[in-house]
Amino acid sequence: MAWDRYGTWKPDGAFAAAPSEEFAQRCPFSPDARDEDMIAAERFPTAPRATPLLGRHESTWVGHVAEGAWRESGSSGGMVSWVAAELLRTGAIDAVAHVAPVAAPQEDGRYFAYRLSRDAGSLLTGAKSRYFPVELSAVLREIRATPGRYAIVAVPCFAKMIQLERARDPVLRERVPHVLGLFCGHQKSARLVDSFAWQLDTPLARVRAVDYRIKDAGRPANWYRAHLTLDDGSARAEDWWHLADGDWGAGFFQNSACDMCDDVVAETTDVAFGDAWVEPYSSDGRGTNVVVARTPLIDGLIRAAAAEGRLALEEVDAAFVEATQAAGFRHRREGLAYRLTWRRWRGGVAKRKRVAPAARALPLRRRLVYRTRGGIARWSHRLAWLSARTGAPGLYLRWARPVLSFYRALAWSHGRLGGWIDRVLPDARRQ
């Protein structure tokens, strides 16, 4: 894998230089690769429950970790790191591959990367959300080279790729018995950190650490706050709401592949975790998880710990979990069906997704929302690259601020422009 000029990873080297059947079967976005439904049917054949949005599963939960510092150390309820640590504690695995900060980002050229942790202390230092592009090649090489049993924490497309690799590689099939999934809205490029630095009046060369979601028990969990640590130990921080690109759903710096993904909840993983984005949980700054357990092992592990009081979890139905991710499902299903009709997606590699192309049933305002998100994603990459290349951040920021205001008016009815749009296009507002 190699960085492109927009700060995203792209396949590189001989294996990606020309079309091949092997590569087509390994890439999670290839029409020749097995889809999530096929993989899940093979992985979880006895799962007693299934829905079109959550996939196959054993049980669904909402809550948080009640023991230790797991909840305080994570962005949400602490469940991702806790399950990984519990697999280590019980001897089910020897190490966990997860994303963590790198020691020297300016020398390394990135702020986060996959690493292997073999104890709970190491896991804790890698907790929290990392909205930074990463790739798996180095850690997969290490797993192949070192005997043992591993769990990998992954977003949906990474998890699908791991399962495709496990199917063709007996070494990975034996050594990676567990994949832990993260719910995903989309991936950001490395340029988001550049934008934080520009807006916080900080030279990028001085940034030593990035935190995308500072936790504050006194504030709602969905009030994100960006935080940069500098080379002298000082810090710069700002609420996302005040940033020029601070609305996650608007699509700033979105990886282009994300527009072709239909999996929000990591349907191919043993267990998947997300934020409980419904009240009263979204207002609880301490953080709350929703959890989808897909294997009897993970389901049993969670039930036992909840009965012992180590986890403060309540079992809920699938509809509750789906409601916590409603905006993501709309974008990945309804929005994807619409994007598949766009002319710019019709050429090149054929698209084979689990939704069919459709546009006529969508109100004009919803179509405009999806079109605006697509334009924001494309142009944020280009203008941020130009700003970085020329040393003129204003090129990007003077574009981003009015574009975000327009998007908020269109999607959320904000401001005078939003009121005018409501009168002209009175479609129900839905993010």
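A short tour of the structure in this document, coming up.

What counts, and at which threshold
Residues numbered from 1 in each chain as written. Predicted model: local features only at pLDDT ≥ 70, side-chain atom pairs only at ≥ 80, totals over all residues. Heavy atoms only, no water. Helix = DSSP H or I, 4+ residues; strand = E, 2+ residues; numbered from the N terminus. Rg over C-alpha atoms; globule rule 2.2 N^0.38 Å. Buried < 20%, exposed > 50% of the residue type's maximum accessible area, 1.4 Å probe, protein only. Phe/Tyr/Trp six-rings, centres within 6.5 Å; stacked < 30°, edge-to-face > 60°. Lys NZ or Arg CZ within 6 Å of the ring centre and 35° of its normal. Patch = residues over 30% accessible without salt bridge, like charges linked within 9 Å, V, L, I, M, F, W, Y side chains within 5 Å. Areas by Shrake-Rupley, 256 points an atom, 1.4 Å probe, with all protein chains shown as cover. Salt bridge = Lys/Arg side-chain N within 4 Å of Asp/Glu carboxyl O. Core = buried A, V, L, I, M, F, W, Y, C linked by side-chain atoms within 4.5 Å. Contact = heavy atoms within 4.5 Å. Lys, Arg positive; Asp, Glu negative; His and termini not counted. Charge placed at Lys NZ, Arg CZ, Asp CG, Glu CD. 1 Å grid on protein atoms, 1.4 Å probe; cavity = no way out; pocket = protein on both sides within 12 Å on 5 of 7 lines; lining within 4 Å. Points joined across faces, edges and corners; volume = space filled by probe spheres on them. Nonpolar A, V, L, I, M, F, W, Y, C, P; charged D, E, K, R; others polar. Expected span 1.5 Å × (residues − 1). Pairing = 2+ DSSP bridges.

### Some points on the overall build of the protein
Part 1 of the argument: A count of helical and extended segments in the protein gives 17 helices and 15 strands.
Part 2 of the argument: For 431 residues, the compact-globule estimate of 2.2 N^0.38 gives 22 Å, and the protein sits close to it at 21 Å.
Part 3 of the argument: On the principal axes, the C-alpha backbone points of the protein span a range of 55 × 55 × 50 Å.
Part 4 of the argument: Relative to its full complement of 431 residues, the protein shows a buried share of 54%.

### Topic: the packing of aromatic side chains
Part 1 of the argument: Taken as a whole, this structure holds 21 aromatic pairs when the rule is applied.
Part 2 of the argument: Between the aromatic rings of phenylalanine 196 and tryptophan 240, the centroid separation amounts to 5.7 Å while the plane-to-plane angle is 70 degrees, which identifies the pairing as edge-to-face. Here tryptophan 240 lies in the loop between strand S12 (235-239) and strand S13 (271-275) and phenylalanine 196 lies in helix H11 (residues 191-199), a separation of 44 residues in the sequence. No difference in accessibility class separates phenylalanine 196 from tryptophan 240, as the two residues are buried.
Part 3 of the argument: The rings of Trp3, Trp9, Tyr111, Phe112, Tyr131, Phe132, Phe196, Tyr212, Tyr224, Trp240, Trp248 and Trp277 are connected pair by pair, giving a single aromatic cluster.
Part 4 of the argument: Across the ring face of tryptophan 379, the terminal group of arginine 382 is positioned such that the distance to the ring centre comes to 4.8 Å.
Part 5 of the argument: Just above the ring of tryptophan 241 sits the side chain of arginine 408; from NZ or CZ to the centre is 3.8 Å.

### Description of a nonpolar patch on the surface
Part 1 of the argument: Taken together, the side chains of Phe406, Leu417, Trp420 and Val424 present a nonpolar region at the surface, about 380 Å² in accessible area.
Part 2 of the argument: The element best represented in the nonpolar patch is helix H17 (residues 415-424), accounting for three residues.

### Thoughts on the nonpolar core
One broad trend across soluble globular proteins is that nonpolar side chains are buried collectively.
Part 1 of the argument: In this structure, Tyr114 and Tyr212 are the most contacted members of the largest nonpolar core, which totals 62 residues.
Part 2 of the argument: What tyrosine 212 contacts, discounting residues up to four positions off in sequence, is Phe112, Ser129, Arg130, Tyr131, Phe132, Leu192, Val193, Phe196, Tyr224, Arg225, Ala226 and Trp240.
Part 3 of the argument: With 26 residues, the next largest nonpolar core counts Met79, Phe273, Ile302 and Leu313 among its residues.

### Some words on unusual backbone geometry
Part 1 of the argument: Residue proline 280 is bonded to the preceding glutamate 279 through a cis peptide linkage, with omega at 5 degrees.
Part 2 of the argument: The residue proline 280 is located in the loop between S13 and strand S14 (289-293) in this model.
Part 3 of the argument: The phi torsion at phenylalanine 253 lies on the positive side, around 60 degrees, for a residue other than glycine.
Part 4 of the argument: If you trace the backbone, phenylalanine 253 turns up in the loop between S12 and S13.

### A word on a positive patch on the surface
Part 1 of the argument: Among the surface-exposed residues, Arg5, Arg344, Arg371, Arg382 and Arg389 lie close enough to one another that they form a single positively charged patch.
Part 2 of the argument: The residue arginine 389 is located in helix H15 (residues 364-390) in this model.

### Observations concerning the layout of surface pockets
Sizing a probe to match a water molecule and rolling it over the atoms shows the empty space that remains.
Part 1 of the argument: Estimates place the volume of the second largest pocket at around 1600 Å³.
Part 2 of the argument: Elements represented by at least two residues in the lining of the second largest pocket include exactly strand S2 (9-10), helix H1 (14-17), helix H2 (21-26), helix H8 (137-145) and helix H9 (156-168).
Part 3 of the argument: Per-element tally for the lining of the second largest pocket: the top contributor is H9, with five residues.
Part 4 of the argument: Residues belonging to the lining of the second largest pocket are distributed by class as follows: 29 nonpolar, seven polar and 13 charged.

### Remarks on helix H14 (residues 326-339)
Part 1 of the argument: Taking 1.5 Å of rise per residue, 14 residues should cover 20 Å, and H14 covers 18 Å from first to last C-alpha, within 8% of that figure.
Part 2 of the argument: Buried within H14 we find Phe329, His331, Arg332, Arg333, Gly335, Leu336, Ala337, Tyr338 and Arg339.
Part 3 of the argument: For H14, the elements touching its buried residues are helix H13 (318-324) and H15.

### Re the pairing of S12
Part 1 of the argument: Pairing geometry for strand S11 (residues 225-230) and S12, over five bridges, is antiparallel. The residue of S12 that forms the bridge with histidine 227 is alanine 237.
Part 2 of the argument: Between the end of S11 and the start of S12, which pair antiparallel, lie four residues, with glycine 233 showing a positive phi angle near 90 degrees.

### Things to note about the side chain of arginine 166
Part 1 of the argument: Within the secondary structure layout, arginine 166 lies in helix H9.
Part 2 of the argument: No salt bridge forms around the buried arginine 166; measuring N to O, its nearest opposite-charge neighbour glutamate 42 is 6.4 Å away.
Part 3 of the argument: Contact partners of arginine 166, with chain neighbours within four places excluded, come to Arg43, Leu172, Arg173 and Val176.

### What to know about the pairing of S13
Part 1 of the argument: The buried fraction of S13 is high, at five of five residues.
Part 2 of the argument: Residues of S13 alternate between two faces, with Val271, Phe273 and Asp275 on one and Ala272 and Gly274 on the opposite face, all of them buried.
Part 3 of the argument: The pairing of strand S9 (residues 178-182) with S13 spans three bridges and is classified as parallel. Of the residues in S13, the one forming a bridge with glycine 181 is alanine 272.
Part 4 of the argument: Where S13 meets S14, five bridges bridge the pair, whose relative direction is antiparallel.

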